[in-house]
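The chain contents come next:
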Amino acid sequence: MNFELVTLDLAVAGHEKSDVLLMLLPASFKPGKNPLSTLIGKALKSGDLADKPTSLLDIYRPAGLACARLVLVQLGDAKAGNVRKGVQAAIALIKPAKPKQITLCFAQAPDDQALHVALTALAEASYVYATTLSKAEVRTIAHVKVGVPDSADLAAPFARTVAAVHGIELAKEWANRPANHATPTHLARAAQALAKSPRIKCEVLNHKDVHKLGMGAFMAVAQGSAEPLKFIELQYKGAPKTQAPVVLVGKGITFDSGGISIKPAAEMDEMKYDMCGAASVLGVFRALAELQPAINVVGLIPSCENLPSSRAVKPGDVVTSMSGQTIEILNTDAEGRLVLCDALTYAERFKPRAVLDIATLTGACVIALGGLRSGFFSTDEAMTAAVAKAGDSSQDLCWPMPLDDDYAEGLKSSFADVANVAGRPGGAITAAKFLQRFTGKYPWGHLDIAGSGWKSGSAKGATGRPVGLLLHYVLSFQTSAA
Ligand code: BES
Ligand code: MN
Ligand code: ZN
């Protein structure tokens with residue numbers, strides 16, 4: 001999908017040739033004197049375009065205008081929620097007609113957040129998964145002209161949003177692919193493909209390499225599967241070496257059966273999504289490749305399958321992590337924290353200014369927050385503020401969760417330094433407490449995206465979250481607006 005930002009006032013918009021002209025109208029809109037304005041004024045006055053947010057009015061071959069179809073979208077207060085719903089409703093309306101070229105026109109200048117929400121909602125509503133279907137439906141909307149009163153003002157946020165959309169779509173693509181089409185090896189190749197872009201490097205470590213590093217926890221999860229593990233390291237270098245990087249660590253379990261502590265059959269297919277964290281890191285690098293900002297970012301993806309077999313790790317086994325801490329694996333289904341802990345230790349070598357991990361870590365987080373907000377854990381104030389702000393600007397929301405030390409009580413073990421599970425209560429928090437033991441050397445944060453990474457049921461599919469949040473977060477380290 002191709003976006004183009006243009007300056008369009010309503011007089012000019014009326015002359016725009018397009019399959020569909022989508023007019024986004026805030027309640028405060030005052031019509032001018034050109035034909036399009038006159039039409040909008042009449043529609044508002046008559047009540048045919050209701051003043052209720054997200055009301056639509058669909059007009060075929062409007063006289064005197066160059067578009068084949070005009071859709072008026074009432075935005076009400078024009079806040080993010082209404083912009084999203086309005087764009088979603090409009091795309092749902094026009095999708096059956098298979099438009100190729102649409103013009104999305106803001107009658108009044110949007111703020112950065114509204115622009116971001118409108119374009120990401122448009123991309124989301126027109127997305128189709130195709131990779132493993134023999135006769136896939138194709139996305140017809142190829143070209144979107146985005147009209148605003150003054151395009152110069154919005155050039156930078158527009159570029160950021162378009163890059164975010166491309167990153168989100170890459171993340172969705174990899175997350176949606178079935179596990180046999182998205183193995184650790186496939187993910188490693190996807191990362192290597194990103195490294196063709198300027199300033200990006202990729203290195204892939206295999207079993208031998210991680211063995212040498214002493215990643216006993218990661219290897220324990222991988223050992224039950226014939227599919228080889230990969231530890232993917234991406235580096236984006238857009239700033240001088242002296243600037244410490246931000247490290248993103250994405251959980252890359254390409255299928256989580258639970259291992260010997262096997263999961264129930266119902267909905268187990270959804271555990272192909274247990275690499276949504278990894279997919280979001282790939283998505284961020286896709287966006288960095290496009291934007292080329294003056295920052296340094298490292299992406300780490302420990303990737304493997306979690307399967308039962310005669311070689312699989314067993315409940316009660318004790319392994320030694322790269323940090324030297326021993327871990328009693330009481331439940332092989334708590335594998336995410338095992339692959340992440342070694343990646344978090346590995347992250348120390350970059351002397352990072354901050355490390356943020358992203359993981360579909362716990363069912364408990366789904367119970368706590370549902371799919372709307374990701375769970376965010378950190379004791380670092382600066383990071384907490386920056387991540388909350390990034391979530392707000394991208395409307396890719398998260399919510400702060402606690403890390404009191406007493407939550408770690410249940411992780412005590414008689415046979416190792418720490419157990420990989422505590423009881424069921426506060427499961428998202430005890431998982432975060434486990435991770436925290438491996439993060440003493442840098443400011444750290446953790447995003448549990450078990451609820452936000454994909455949707456279940458009839459609308460099953462990856463969301464591409466939290467690429468929007470992550471991109472805004474890493475870009476907040478730009479010293480000047482580059
Ligand atoms: N990948 C799952 C978490 C998950 C489950 C995400 C369901 C989304 C939906 C993770 O590896 C896991 O199995 N966690 C266990 C931890 C438990 C054994 C302490 C869980 O949440 O049940
Ligand atoms: Mn699991
Ligand atoms: Zn998992």
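Residues numbered from 1 in each chain as written. Chains lettered and ligands numbered in written order. Predicted model: local features only at pLDDT ≥ 70, side-chain atom pairs only at ≥ 80, totals over all residues. Heavy atoms only, no water.

Visitor: So what exactly am I meant to see when it comes to the environment of Ile 232 here?
Guide: If you trace the backbone, Ile 232 turns up in strand E8 (residues 230-237). For the pair formed by Ile 232 and Leu 361, sequence separation is 129 residues and the distance between their alpha carbons is 19 Å. (Helix = DSSP H or I, 4+ residues; strand = E, 2+ residues; numbered from the N terminus.)

Visitor: Just to check I follow, could you spell out the coordination of the zinc ion (ligand 3) for this structure?
Guide: Reference values for coordination geometry: four tetrahedral donors around a metal ideally subtend 109.5 degrees, six octahedral donors ideally subtend 90 or 180 degrees. Within the protein, the zinc ion (ligand 3) binds to Lys 251 (NZ), Asp 256 (OD), Asp 274 (OD) and Glu 335 (OE); these donor distances fall in the range 2.0 to 2.4 Å. For the zinc ion (ligand 3), the 6 donor atoms in the first shell make angles of 78 to 175° at the metal, so the coordination geometry reads as octahedral. Between the donor residues of the zinc ion (ligand 3), the gaps in sequence give the motif K-x4-D-x17-D-x60-E. In this structure, the zinc ion (ligand 3) lies 3.2 Å away from the manganese ion (ligand 2), the two metals sharing Asp 256 as a donor. Here Lys 251, found in the loop between strand E9 (246-250) and strand E10 (252-256), pairs with Glu 335, found in the loop between strand E13 (326-329) and helix H10 (336-346); they are 84 residues apart in sequence, far enough to count as distant. Note on accessibility: Lys 251 and Glu 335 belong to one class, buried. (Donors = N, O, S within 2.8 Å, 3.2 Å for Na, K, Ca; no water. Tetrahedral: all angles 85-135°; square planar, octahedral: opposite > 155°, others 65-115°. Buried < 20%, exposed > 50% of the residue type's maximum accessible area, 1.4 Å probe, protein only.)

Visitor: How do you make sense of the coordination of the manganese ion (ligand 2) when you look at a structure like this?
Guide: Within the protein, the manganese ion (ligand 2) binds to Asp 256 (OD), Asp 333 (O), Asp 333 (OD) and Glu 335 (OE); these donor distances fall in the range 2.1 to 2.2 Å. Along the chain, the residues donating to the manganese ion (ligand 2) fall in the pattern D-x76-D-x1-E. Residue Asp 256 is classed as buried on the basis of its relative accessible area, which comes to 3%.

Visitor: It is not clear to me how the nonpolar core should be interpreted in this structure. Could you clarify?
Guide: Side chains of nonpolar character tend, in soluble globular proteins, to be buried together. Counting 59 residues, the largest nonpolar core has Leu 248, Tyr 473 and Val 474 as the members making the most contacts within it. Residues contacting Val 474, with those up to four places away along its chain left out, are Val 246, Leu 248, Val 284, Leu 288, Ile 295 and Val 297. (Core = buried A, V, L, I, M, F, W, Y, C linked by side-chain atoms within 4.5 Å. Contact = heavy atoms within 4.5 Å.)

Visitor: When you look at the domain arrangement of the protein in this model, what are you seeing that I'm missing?
Guide: The extent of an interface is frequently quoted as the accessible surface area lost upon association of the parts. Each assigned domain of the protein is listed with its residue range as follows: domain 1 (2-150) and domain 2 (171-481). Between the C-alpha centres of domain 1 and domain 2 there is a distance of 37 Å. Our enumeration of links across domain 1 and domain 2 arrives at 1 salt bridge. Put simply, domain 1 and domain 2 have 4 residue pairs in polar contact (both at pLDDT 80 or more) between them. Broken down by element, the residue count for the side of domain 1 that touches domain 2 peaks at 4 residues, all from helix H4 (residues 112-126). When the residues that make up the side of domain 1 that touches domain 2 are grouped by side-chain class, the tally is 4 nonpolar, 4 polar and 2 charged. (Domains from an automatic or database assignment. Salt bridge = Lys/Arg side-chain N within 4 Å of Asp/Glu carboxyl O. Polar contact = N/O pair within 3.5 Å; in protein donor to acceptor, adjacent residues only side chain to side chain. Nonpolar A, V, L, I, M, F, W, Y, C, P; charged D, E, K, R; others polar.)

Visitor: Sorry if this is basic, but what is going on with the pairing of strand E15 (residues 374-378) here?
Guide: Remark: a regular strand shows side chains that alternate across the two faces of the sheet. Counting buried residues in E15 gives 5 out of 5 residues, a clear majority hidden from the surface. Where burial is concerned, the two faces of E15 agree: the one with Ser 374, Phe 376 and Ser 378 and the one with Gly 375 and Phe 377 are both buried. In terms of strand pairing, E15 meets strand E16 (residues 398-401) through 4 bridges, oriented parallel. When the bridges of E16 are listed, Gly 375 appears paired with Trp 399. Taken together, E15, helix H12 (residues 381-394) and E16 constitute a β-α-β crossover, and its handedness is right-handed. Where E15 lies against strand E18 (residues 444-448), 4 bridges are found, and the strand directions are antiparallel. Counted as the bridge partner of Phe 377 is His 446 from E18. (Pairing = 2+ DSSP bridges. Right-handed = clockwise from strand over helix to strand, strands pointing away.)

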